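In case you want the letters, here they are:
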Amino acid sequence: MPFSLSSKIQTFPKLPRFHSRSFNAIGEASNQKRVVTLTPRTNSLLCVLRVLLIFSLILTLIWIAMVLTLTSRLAPNLSSSGVADIVRKWQSPADSVALLNPWNQDFTRDTTPVSCHSHNDYWRKVPLYSAISAGCVSVEADIWFHKNDTAADLLVGHDKKSLTEEKTLQSLYLNPFLQILENMNKASNLGNDSVPASPRGIFDKNPEMTTLLLLDFKSDGPELWPIIQAQLEPLRVKRWLTYWESSTNKRQIRPITVVATGNAHFDLVTSNTTYRDIFFDAPLTDIKNTKYTNLNSYLASASLGKAIGTVWAGNINDKQRKTLTTQINDAKEKGLITRYWDTPSWPVSWRNSVWKALLEVGSELLNVDDLEAAAKWNWDWCVVAGLVLCG
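Computed from a predicted structure; not experimentally measured.

Scoring rules and cut-offs
- Residues numbered from 1 in each chain as written.
- Predicted model: local features only at pLDDT ≥ 70, side-chain atom pairs only at ≥ 80, totals over all residues.
- Heavy atoms only, no water.
- Patch = residues over 30% accessible without salt bridge, like charges linked within 9 Å, V, L, I, M, F, W, Y side chains within 5 Å.
- Areas by Shrake-Rupley, 256 points an atom, 1.4 Å probe, with all protein chains shown as cover.
- Salt bridge = Lys/Arg side-chain N within 4 Å of Asp/Glu carboxyl O.
- Helix = DSSP H or I, 4+ residues; strand = E, 2+ residues; numbered from the N terminus.
- Expected span 1.5 Å × (residues − 1).
- Bend = angle between axes of the 7 residues up to and from the residue.
- Buried < 20%, exposed > 50% of the residue type's maximum accessible area, 1.4 Å probe, protein only.
- Core = buried A, V, L, I, M, F, W, Y, C linked by side-chain atoms within 4.5 Å.
- Contact = heavy atoms within 4.5 Å.
- Disulfide = S-S within 2.5 Å.
- Pairing = 2+ DSSP bridges.

A. Region of the structure containing a nonpolar patch on the surface. A cluster of nonpolar side chains, contributed by Ile54, Phe55, Ile58, Leu59 and Ile62, occupies part of the molecular surface with about 490 Å² of accessible area. Within the secondary structure, isoleucine 54 sits in helix H3 (residues 40-74).

B. Main features of helix H7 (residues 169-184). Across its 16 residues, H7 extends 21 Å between first and last C-alpha, which sits within 8% of the 22 Å expected from 1.5 Å per residue. By the largest-angle criterion, asparagine 175 marks the main kink of H7, which is about 30°, and a proline, proline 176, follows within four residues. Taken together, the buried positions of H7 are occupied by Leu169, Ser171, Leu172, Tyr173, Leu174, Pro176, Phe177, Ile180, Leu181, Asn183 and Met184.

C. Spatial organisation of the nonpolar core. Residues Phe107 and Tyr173 are the most contacted members of the largest nonpolar core, which totals 85 residues. Broken down by element, the residue count for this core peaks at 8 residues, all from H7. Excluding its chain neighbours within four sequence positions, the residues that come into contact with phenylalanine 107 are Ser81, Gly82, Val83, Ile86, Leu100, Tyr129, Ile132, Ile180, Ile202 and Asp204.

D. Local environment of the state of the cysteines. According to the stated counting rule, one finds 1 disulfide in the structure shown. A sulfur-sulfur distance of 2.0 Å marks the disulfide that ties cysteine 116 to cysteine 136. On the sign convention where negative is left-handed, the bridge of cysteine 116 and cysteine 136, at about -105° about the S-S bond, is left-handed. A residue pair is termed long-range when its members are at least 10 positions apart, and cysteine 116 in strand S1 (residues 114-118) and cysteine 136 in strand S2 (residues 136-147) qualify at 20 residues. Across the pair, cysteine 136 and cysteine 116 agree in class, each one buried.

E. Quick look at the pairing of strand S3 (residues 152-156). Buried residues dominate S3, accounting for 4 of its 5 residues. Where S2 meets S3, 5 bridges bridge the pair, whose relative direction is antiparallel. Bridge pairing links phenylalanine 145 to leucine 154 in S3. As consecutive antiparallel partners, S2 and S3 are separated by 4 residues.

Written as structure tokens, this is what we have:
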């Protein structure tokens with residue numbers, strides 16, 4: 001029999017036919033099973049949650065508005081003085097003198113001097129001028145011996161890795177001081193005004209106020225001493241340095257007071273027995289030592305922790321207050337200004353608590369890192385609703 005393909009094809013039974021309405025029916029049944037019926041109690045809970053959410057959003061917006069308003073009202077006003085203008089424009093150490101020309105007669109017009117010390121001032125974006133703009137009457141410079149191919153110099157920086165030949169004691173501090181005081185003590189071009197009989201200091205609101213330059217010797221004292229003496233000569237010639245001389249045996253306050261600390265040797269400070277214009281930073285914890293007087297020293301300083309022990313949560317206890325009071329009174333009897341360093345910087349509320357306590361017991365110079373917070377803010381309003389507004 002001849003091969004036939006059709007004879008080999010199996011005949012399969014017919015499958016039942018499904019229509020689209022069958023699938024729709026299945027889908028509708030499935031949907032009906034997923035429908036959740038909300039009870040009245042569930043509806044009530046959802047309504048309460050919606051109300052609470054809306055209420056929370058409203059409270060959050062009110063809190064944000066309050067904080068922004070307080071910040072705006074409590075923040076110090078931006079200064080328009082000459083020194084503030086320098087702070088805004090300063091880019092490099094060369095600007096420390098270049099930006100003083102032309103001279104702005106309103107250099108410190110709206111700046112009130114405050115007894116704060118700009119700790120590690122050279123670390124700031126704008127050394128010296130940031131402190132003056134805030135009103136701080138004391139600045140600190142760490143100095144290192146450096147010798148290049150031509151001469152020895154004094155570089156300014158926290159450690160050797162941070163030193164550059166552009167950041168020198170002269171470029172950041174001495175030359176600007178000299179230029180500022182030249183302008184502050186010029187005779188006016190109007191009327192019969194003449195050069196003032198007593199030299200004027202940096203702050204217009206208190207021209208008799210001296211500005212402290214605290215030199216922290218990082219290299220060995222004898223190595224630094226002759227260079228410092230030579231670089232201070234332009235200010236010395238103008239009689240703008242606070243000095244002592246044996247003929248009167250009195251200390252005369254002038255616009256700039258230079259104080260030596262760190263690796264500075266007390267014997268170097270007192271080596272000249274007829275005249276001196278660099279004073280010592282006496283150890284406050286040894287202030288009863290009779291060798292420290294206001295004829296050879298100007299400050300009396302100590303680490304807060306070493307002076308009174310650990311301060312917990314910014315709270316100086318009664319025993320510690322008593323110790324502070326004794327140290328400060330002993331220094332005042334000698335005519336020395338006290339300064340405690342290594343104070344807490346954070347949390348802000350702890351820092352402010354220590355600042356207040358130090359002022360309450362009579363310390364006269366606050367060692368600070370945050371210039372604006374120390375000099376211009378109301379410390380009671382630094383922390384509002386758990387938010388730090390200053391510092």
